[in-house]
Amino acid sequence: DTYHYVGPAINTNRQEDPITISKSGDQKLIYIAVGTVYEAKLQFLRNCLQAFSDDRYLVILSVGQAIDPAVFEPIPPNFTVAQYVPQLSILQQADVFITHGGMNSIAESVTYGVPMIVVPNTLEQSINAARVEQLKAGLYLGPNQLSVENLQKSVIRILADPFASNGIQQVQNSFMEAGGVERAAEAIQTFKERHGLNGEA
């Protein structure tokens with residue numbers, strides 16, 4: 001009785017730099033972004049480049065401001081590597097999102113129905129990752145599971161597993177049913193009326 005859960009507030013109209021994504025045939029789009037607060041481990045990023053450097057995938061890799069994309073040259077032709085990319089635009093077309101598991105990234109991935117592989121940097125993100133896996137919305141890979149082989153197997157499993165699509169859809173539905181900012185506004189207005197605040201802050 002002391003709170004209302006309304007789900008996350010995602011600004012889907014925020015301004016982002018344009019990006020052109022051209023998948024060919026049956027290519028799957030893998031989006032990799034493991035956070036900008038913590039510097040991503042170079043070896044993990046190199047493992048991603050090795051794991052997905054074939055034409056089955058189109059890969060967009062965001063490395064953050066702390067890393068110069070030039071350190072990965074030669075970059076496989078099916079990869080786009082940049083310090084920053086427009087996340088919402090990419091998620092609208094992505095098939096898999098490899099993420100550090102921050103709540104913003106998880107909420108945005110759920111909003112667009114993209115199953116995740118979560119590779120957390122912090123304890124909080126590890127808790128998020130475990131919950132994503134528990135809800136069958138993705139997979140949790142710990143720090144000792146980030147080999148080339150494990151990354152390949154995880155993406156293949158996510159793409160082939162209908163439970164991942166079903167799980168992400170169920171979480172997405174729960175966000176929508178929570179009501180978002182509209183329900184939050186209604187709850188605030190009801191509280192004001194109940195307590196006779198009459199528009200005062």
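Quantities reported herein were computed from a predicted structural model and do not represent experimental measurements.

Asks: Help me out: how do you make sense of the overall build of the protein in this one?
Replies: A count of helical and extended segments in the protein gives seven helices and six strands. The order of helices and strands in the protein, counted from the N terminus, is β-α-β-β-α-β-α-β-α-β-α-α-α. Principal-axis analysis of the C-alpha atoms places the extent of the protein at approximately 65 × 35 × 35 Å. Taking all 201 residues of the protein together, 45% fall into the buried category. Summarising the internal contacts of the protein: among those between residues at least 6 apart in sequence, 60% fall at separations of at least 24. Surface exposure of the protein reaches about 11700 Å², of which carbon and sulfur atoms provide 49%. Charge centroids of the protein, computed over 13 positive and 20 negative side chains, lie 6 Å from each other.

Asks: What should I look at first to understand the pattern of salt bridges in this one?
Replies: Note on pairing: side chains with opposite charge can pair once their charged atoms come close. What the rule picks out here adds up to four salt bridges. Here Asp95 makes a salt bridge to Lys23, at a shortest N to O gap of 3.3 Å. Here Lys23 lies in the segment before strand E1 (28-33) and Asp95 lies in the loop between helix H2 (87-91) and strand E4 (96-99), a separation of 72 residues in the sequence. Judged by its relative accessible area of 35%, Lys23 is partly exposed.

Asks: How should the environment of Thr12 be read in this particular structure?
Replies: Residue placement: Thr12 occurs in the segment before E1. A residue is classified by how much of its surface remains accessible, and Thr12, at 37% relative accessible area, is partly exposed. Residues Thr12 and Pro120, spaced 108 residues apart in sequence, show a C-alpha to C-alpha distance of 24 Å. Not counting chain neighbours up to four residues away, the residues in contact with Thr12 comprise Leu88, Thr111 and Tyr112.

Asks: Is there a simple way to explain the nonpolar core in this structure?
Replies: Nonpolar side chains in soluble globular proteins tend to be buried together. Ile30, Ile32, Phe44, Leu45, Phe52, Leu61 and Ile98 are the most contacted members of the largest nonpolar core, which has 29 residues in total. Of all elements in the fold, only E1, helix H1 (42-51), strand E2 (57-62), strand E3 (79-82), E4 and helix H5 (148-160) reach the threshold of two or more residues within this core. Sort the elements by how many residues they give to this core and H1 lands first, with five residues. Counting 24 residues, the second largest nonpolar core, distinct from the first, contains Ala33, Leu58, Ile90 and Ala137.

Asks: I keep staring at the layout of surface pockets and nothing clicks. Help me out?
Replies: Any empty space left between atoms is shown by rolling a water-sized probe over those atoms. Taken as a whole, the second largest pocket holds about 260 Å³ of empty space. As for the second largest pocket, its lining consists of 14 residues, of which Pro8, Ala9, Ile10, Phe175 and Gly180 are closest to the centre. Sorting the residues of the lining of the second largest pocket by element identifies helix H6 (162-178) and helix H7 (180-194) as the ones contributing at least two each. When its residues are assigned to classes, the lining of the second largest pocket shows seven nonpolar, six polar and one charged.

Asks: When you look at the side chain of Gln87 in this model, what are you seeing that I'm missing?
Replies: Within the element layout of this structure, Gln87 appears in helix H2. Setting aside residues no more than four positions away along its own chain, Gln87 makes contact with Arg14, Glu16, Tyr31, Ala33, Phe97, Ser105 and Glu108.

Asks: Mind showing me how you'd approach the packing of helix H3 (residues 103-111) against H6 here?
Replies: To describe two helices that pack against each other, one gives the angle between their axes and the distance between the axes. One way to put it is that H3 packs onto H6 with a least axis distance of 8 Å and a crossing angle of 100 degrees. The angle between H3 and H6 places the two elements in the roughly perpendicular class. Note on element contacts: H6 touches H3 through Ile168, Val171, Gln172 and Phe175, opposite Ala107, Val110 and Thr111. Tallied by class, the residues present in the contact of H3 with H6 amount to five nonpolar, two polar and no charged.

Asks: Honestly, the environment of Glu177 in this entry has me stumped. Any pointers?
Replies: Mapped onto the elements of the fold, Glu177 is located in helix H6. According to the relative accessible area criterion, Glu177 is exposed, its value standing at 58%. Taking the C-alpha atoms as reference points, Glu177 and Glu108, separated by 69 residues in sequence, lie 16 Å from one another.

Asks: Would you explain the packing of H1 against H5 in this entry?
Replies: Two elements in contact, H1 and H5, have axes whose closest approach is 9 Å; the angle formed by their N-to-C orientations is 60 degrees. The orientation of H1 relative to H5 falls into the category oblique. H5 is crossed by H1, and the crossing has right-handed handedness. Along its contact with H1, which presents Phe44, Asn47, Cys48, Gln50 and Ala51, the element H5 presents Val148, Leu151 and Gln152. For the contact of H1 with H5, the class distribution of residues is five nonpolar, three polar and no charged.

Asks: Explanation requested: H3 in the structure shown.
Replies: Spacing of three or four residues puts side chains on the same side of an α-helix, whose turn is 3.6 residues. Within the sequence span of H3, burial applies to Ser105, Ile106, Ala107, Glu108, Ser109 and Val110. Looking at the packing, one finds that the buried side of H3 touches H2, E4, strand E5 (116-118), helix H4 (123-134) and H6. Gly113 sits one or two residues past H3 and shows a positive phi near 70 degrees.

Parameters and conventions
- Residues numbered from 1 in each chain as written.
- Predicted model: local features only at pLDDT ≥ 70, side-chain atom pairs only at ≥ 80, totals over all residues.
- Heavy atoms only, no water.
- Helix = DSSP H or I, 4+ residues; strand = E, 2+ residues; numbered from the N terminus.
- Buried < 20%, exposed > 50% of the residue type's maximum accessible area, 1.4 Å probe, protein only.
- Contact = heavy atoms within 4.5 Å.
- Areas by Shrake-Rupley, 256 points an atom, 1.4 Å probe, with all protein chains shown as cover.
- Lys, Arg positive; Asp, Glu negative; His and termini not counted.
- Charge placed at Lys NZ, Arg CZ, Asp CG, Glu CD.
- Salt bridge = Lys/Arg side-chain N within 4 Å of Asp/Glu carboxyl O.
- Core = buried A, V, L, I, M, F, W, Y, C linked by side-chain atoms within 4.5 Å.
- 1 Å grid on protein atoms, 1.4 Å probe; cavity = no way out; pocket = protein on both sides within 12 Å on 5 of 7 lines; lining within 4 Å.
- Points joined across faces, edges and corners; volume = space filled by probe spheres on them.
- Nonpolar A, V, L, I, M, F, W, Y, C, P; charged D, E, K, R; others polar.
- Axes fitted to C-alpha atoms, helices over the stretch in contact; angles between N-to-C directions.
- Parallel < 35°, antiparallel > 145°, perpendicular 65-115°, else oblique.
- Left-handed = near helix turned anticlockwise from the far one by under 90°.

Function cannot be inferred from these measures alone, as they are strictly geometric.
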